[in-house]
Amino acid sequence: MLENPSIIIDKDVPCKLRDGTILYSNIYRPQTNEAYPVLLTRHPYNKNLPDFSHRYVDPLELARSGYVVIIQDVRGRFASEGEFQPFIQEPKDGYDTVEWAANLSYSDGNVGMFGLSYYGFTQLYAASERPPSLKAIFPAMSGRYFYDALISTGSIFHLGLFTTWLLDSVAPDYLNRIQNPESHMKTIHQDLNRIFDWYAYKPMKDWPPLHIHPSLGKLFTCYLYANERIIDEVHRKSEAKALDLPAYHLAGWYDCFLESSLKNYQEMKESSSVQKLIVGPWSHGNFQALIGERFFGNQSSGSSIEHKESLTSLHIKWFDRWLKNQGETDLETEPVQLFIMGVNEWRGEQEWPLARTKYTPYYLSSDGNAHQYSAKLTPQLPSSVGYDSYIYDPENPVSTRGGGTLFYLGMNSGPVDQQDWKRREDILVYTSSVLEEPLEVTGPVKVILYAASDVPSTDFTAKLIDVCPEGNAYNLTDGINRVAVSSGEVQRYEIEIGSTSNVFFPGHSLRVEISSSSFPQYDVNPNTGGSTLESTEMQKARQVIYQGEKYPSHILLPVIAQIQ
């Protein structure tokens, strides 16, 4: 930390790219004659708005610690010139910006990058071009590739996330640059007020907001039906396992990009041992101690991790090491920091997933009435064959309730009480006996179903829940799989339901819910073999979930032995 430095803030500093396009940045820097390392972030959300520009990292504190902090509007956004082409434009533009920053008169030539969400993408894409001046990055809650923002396993459209991002985050400035502001801003606000109606509109290709604003429709269809050659080229260059660069990965148990952040860490470990990971109980861009409906204690807050330091100070320590050659040198000492929910404590680990994990099955067991909350979840494999069935009607999907979501105004994310919420016939519920000993589950979770359906294609969803003694039932992680079906035949399906870290206390129970939709988190499967992106045709499906020795449907839990 510099001693009582004055900070200069330069607004709208131009950066000329190789094709002549000029991007504009705000720069925070110490008012001295010395040269300092640069910390750069690039995003499409307006460099002049503090909540988007740094959100969880204080640029003034970074500057007072001896850094030149640059916050840039990416191509085609706000002050910057050019046409906005999300993701595709960022590798080359990122390279040019890094090298421009390294050559500023008050730069010492060393550049680091930081940022969350889209501006985590911009770090990885810039790194894929190997700019020589880029020394370290700190991607937070970031996807890996373009499709991480749209598509999950099995080509399932992230409906709520993408439509919200398009209308709320992209549309206003995008349309402001090509149309009369007064003519479109009113309709955009009207669209946002009706966003829950628009979630349900079918087919998506005829979505009314896209036809009201044809240029926005062009952007939407470009990325929904993307130029695969261009996208694949960006993907290959930005594969995390190919990036040999020190990186500190920040993730949240309830973030929509949790799995991508974890994979970034794991893959970059293949080419660089200098990797760190921190996972808190956070949702996307939310680092408060209260997430959803659960309070995780003040030590979970991004402003006071373990009551010791803030996320800003973590950034300073990381970049001091790699841009100034100061501070921490032994990065192999507990490079992974995990927040263990339930006990609500931070714990250091050597790797992810944990090497001491014991993957333990808990089996579904029912008398055919799982929709009535009478079915069991048991570590013993049921000897007799049983089954549960339900009708999945895509016209009446199960509503998303909490989880790693990103909807309008940050609604409906994190842990939310699931107890008896709109009890439905199309949700199967399996609950364990009350635990007598604590059970820690830390790592990736999957559900294996033996199931049959009478349609050509359908979805299966699964959710892991912690049931408290007083009855509150909080979701931990969930997932979905879109499957092709051999009509009437029993098939084995795996549902990757994401990662978590939670201690189930004595008196608590584990619960698994099985269904076929989570709307509007994902687009509904019409059960026809087609898609609601293209068609309005739908049909009901009869889903049968089998259990027993022949069909051992179960959840596979990453159990961690308690240290005595």
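A few points on the structure. Note that this is a predicted model, so its numbers are computed, not measured. (Residues numbered from 1 in each chain as written. Predicted model: local features only at pLDDT ≥ 70, side-chain atom pairs only at ≥ 80, totals over all residues. Heavy atoms only, no water.)

## Some points on the sheet that holds strand β5 (residues 107-116)
- If you walk across this open sheet you meet the 10 strands as β1-β2-β4-β3-β5-β6-β9-β10-β13-β14, and the pairing is mixed. Edge positions in the open sheet fall to β1 (7-16) and β14 (345-349), since each of these has one partner strand only. Across the sheet, the mean angle separating the axes of adjacent strands is 20 degrees when strand polarity is ignored.
- The pairing of strand β9 (residues 247-254) with strand β10 (residues 275-283) spans seven bridges and is parallel. (Pairing = 2+ DSSP bridges. Helix = DSSP H or I, 4+ residues; strand = E, 2+ residues; numbered from the N terminus. Axes fitted to C-alpha atoms, helices over the stretch in contact; angles between N-to-C directions.)

## Focus: helix α12 (residues 311-323)
- Here α12 contains 13 residues, and its C-alpha end-to-end distance of 18 Å stays within 8% of the 18 Å for a straight helix at 1.5 Å per residue.
- Of all the residues in α12, the buried ones are L311, T312, S313, L314, H315, I316, W318, F319, D320, R321 and L323.
- Against β3 (36-43), α2 (59-64), β5, β6 (134-140), β9 and β10 lie the buried residues of α12.
- Remark: N325 follows α12 within two positions and exhibits a positive phi of approximately 55 degrees. (Expected span 1.5 Å × (residues − 1). Buried < 20%, exposed > 50% of the residue type's maximum accessible area, 1.4 Å probe, protein only. Contact = heavy atoms within 4.5 Å.)

## Quick look at empty space enclosed by the protein
- In total, this model carries three cavities of 30 Å³ or more according to the counting rule given.
- Here the largest cavity is characterised by a volume of approximately 250 Å³.
- As for the largest cavity, its lining consists of 22 residues, of which V398, S399, K463, E513 and S517 are closest to the centre.
- Put simply, the parts of the chain that give the lining of the largest cavity at least two residues each are β20 (457-467), β21 (473-484) and β23 (509-515).
- Here the residues of the lining of the largest cavity sort into seven nonpolar, 10 polar and five charged.
- Lining the second largest cavity, in full, are L159, Y199, A200, Y201, K202, M204, F519, D523, V524, T532 and L533.
- Of the residues assigned to the lining of the second largest cavity, the class counts are eight nonpolar, one polar and two charged. (1 Å grid on protein atoms, 1.4 Å probe; cavity = no way out; pocket = protein on both sides within 12 Å on 5 of 7 lines; lining within 4 Å. Points joined across faces, edges and corners; volume = space filled by probe spheres on them. Nonpolar A, V, L, I, M, F, W, Y, C, P; charged D, E, K, R; others polar.)

## A short note on the pairing of strand β16 (residues 375-378)
- Bridging between strand β15 (residues 358-365) and β16 involves three bridges; their strand directions are antiparallel. Paired with Y363 across the bridge in β16 is T378.
- By the bridge criterion, two bridges tie β16 to strand β18 (residues 428-431) in an arrangement that is parallel. Pairing of K376 across the sheet is with T431, part of β18.

## Things to note about helix α11 (residues 258-271)
- Look at α11: 21 Å from first C-alpha to last across 14 residues, which is about the 20 Å you get at 1.5 Å a residue.
- Within α11, burial applies to L258, S260, S261, L262, N264, Y265, E267 and M268.
- For α11, the secondary structure elements touched by its buried residues are α4 (118-128), β6, β9, β10, β13 (336-340) and β22 (491-504).

## Details of the pattern of salt bridges
- Counted under the stated rule, the structure contains 22 salt bridges.
- A salt bridge links R75 to D93; its shortest N-O distance comes to 2.8 Å. In this pair, R75 is assigned in the loop between β4 (68-73) and α3 (90-102) and D93 in helix α3, connecting sequence segments 18 residues apart. Across the pair, exposure class does not vary: R75 and D93 are buried alike.
- Between E440 and R347 there is a salt bridge, with its nearest N and O atoms 2.7 Å apart. On the criterion of sequence distance, the pair formed by E440 in strand β19 (residues 439-453) and R347 in strand β14 is long-range, its members being 93 residues apart.
- Classification of R347 by relative accessible area gives partly exposed; the value is 21%.
- Because the salt bridges share partners, they merge into one network encompassing R347, E349, R356 and E440. (Salt bridge = Lys/Arg side-chain N within 4 Å of Asp/Glu carboxyl O.)

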